[in-house]
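These are the residues of each chain, in order.
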Amino acid sequence: MPVETRIAPRDSAWGAEQSGLIAGFEFAPGLAPRPVGSDEAAARLAAPDPAEPDGRFLWLHFDLAHAGAVRWLERNARLPEGFFEALGSPARSTRVERDDEALVAVVNDVMFDFDFDPDDLATLWACLD
């Protein structure tokens, strides 16, 4: 039987939590994605359950313009130093770098209009471990 893969929005109004979390989901093989808030994510990251099946992971999307986002990530996410260096770097070039057992990616919008304003580009920072 196929697994339903539709991702339902959070019950709360659109926007970030106090942590800066816009959207959080737990993914597990064979199951539909399940919404996760910042409190549950922090608890899961602080004490990972060794009984969890392989392949389970959290996807956490933060609004870095939110004052609490970087602070939450520093306190709870156990991200490599290279991720925070990329966040603070003025260099916005698209790249993927290895930092010990993690990959840190910086990805920019792709613009097909050559008359675009460079200030309109958005950057995505991602860390995978």
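Here we summarise the structure given alongside this text. (Residues numbered from 1 in each chain as written. Predicted model: local features only at pLDDT ≥ 70, side-chain atom pairs only at ≥ 80, totals over all residues. Heavy atoms only, no water.)

### A few points about unusual backbone geometry
Moving on, step 1. Not every positive phi belongs to a glycine, and R78 is a case in point at roughly 50 degrees.
Moving on, step 2. Summarising the element assignment, R78 is placed in the loop between α2 (69-76) and α3 (81-88).
Moving on, step 3. On the basis of relative accessible area, R78 is assigned to the exposed category, the value being 56%.
Moving on, step 4. Residue D100 is not a glycine yet carries a positive backbone phi of 55 degrees.
Moving on, step 5. Its place among the elements puts D100 in the loop between β4 (95-99) and β5 (102-108). (Helix = DSSP H or I, 4+ residues; strand = E, 2+ residues; numbered from the N terminus. Buried < 20%, exposed > 50% of the residue type's maximum accessible area, 1.4 Å probe, protein only.)

### Digging into helix α1 (residues 38-46)
Moving on, step 1. For α1, every residue scored as buried is listed here: S38, A41, A42, R44 and L45. Angular distribution of buried residues about the axis of α1 spans 165 degrees; they occupy a single face of the element. With respect to the buried face of α1, the exposed residues turned more than 90 degrees away are D39 and A46.
Moving on, step 2. Turning to α1, the residues buried within the fold contact β1 (21-27), β2 (34-35), β3 (57-62) and α2. (Arc of directions from axis to C-beta. Contact = heavy atoms within 4.5 Å.)

### Some details on the sheet that holds β2
Moving on, step 1. Spatially, three strands are ordered β2-β1-β3 in an open sheet, and the strand pairing comes out antiparallel. Each edge of the sheet is formed by a strand with only one pairing partner; in this case those strands are β2 and β3.
Moving on, step 2. Pairing between β1 and β2: two bridges, direction antiparallel. Bridge assignment links E26 to a residue of β2, and that residue is R34. (Pairing = 2+ DSSP bridges.)

### Some details on the nonpolar core
Moving on, step 1. Counting 17 residues, the largest nonpolar core has F62, W72, L73, F83 and W125 as its most contacted members.
Moving on, step 2. Elements supplying a minimum of two residues to this core: α1, α2, α3 and β5.
Moving on, step 3. Once residues lying within four places of it in the same chain are set aside, the contact partners of F62 are S19, G20, L21, I22, A69, W72 and L73. (Core = buried A, V, L, I, M, F, W, Y, C linked by side-chain atoms within 4.5 Å.)

### Observations concerning the pairing of β4
Taken residue by residue, a regular strand's side chains alternate between the two faces of the sheet.
Moving on, step 1. Sheet topology places β4 next to β5; five bridges connect them, and they run antiparallel. Its bridge partner lying in β5, R98 is registered against L103.
Moving on, step 2. A loop of two residues connects β4 with β5, the two strands running antiparallel in sequence, and D100 in this loop sits at a positive phi of about 55 degrees.

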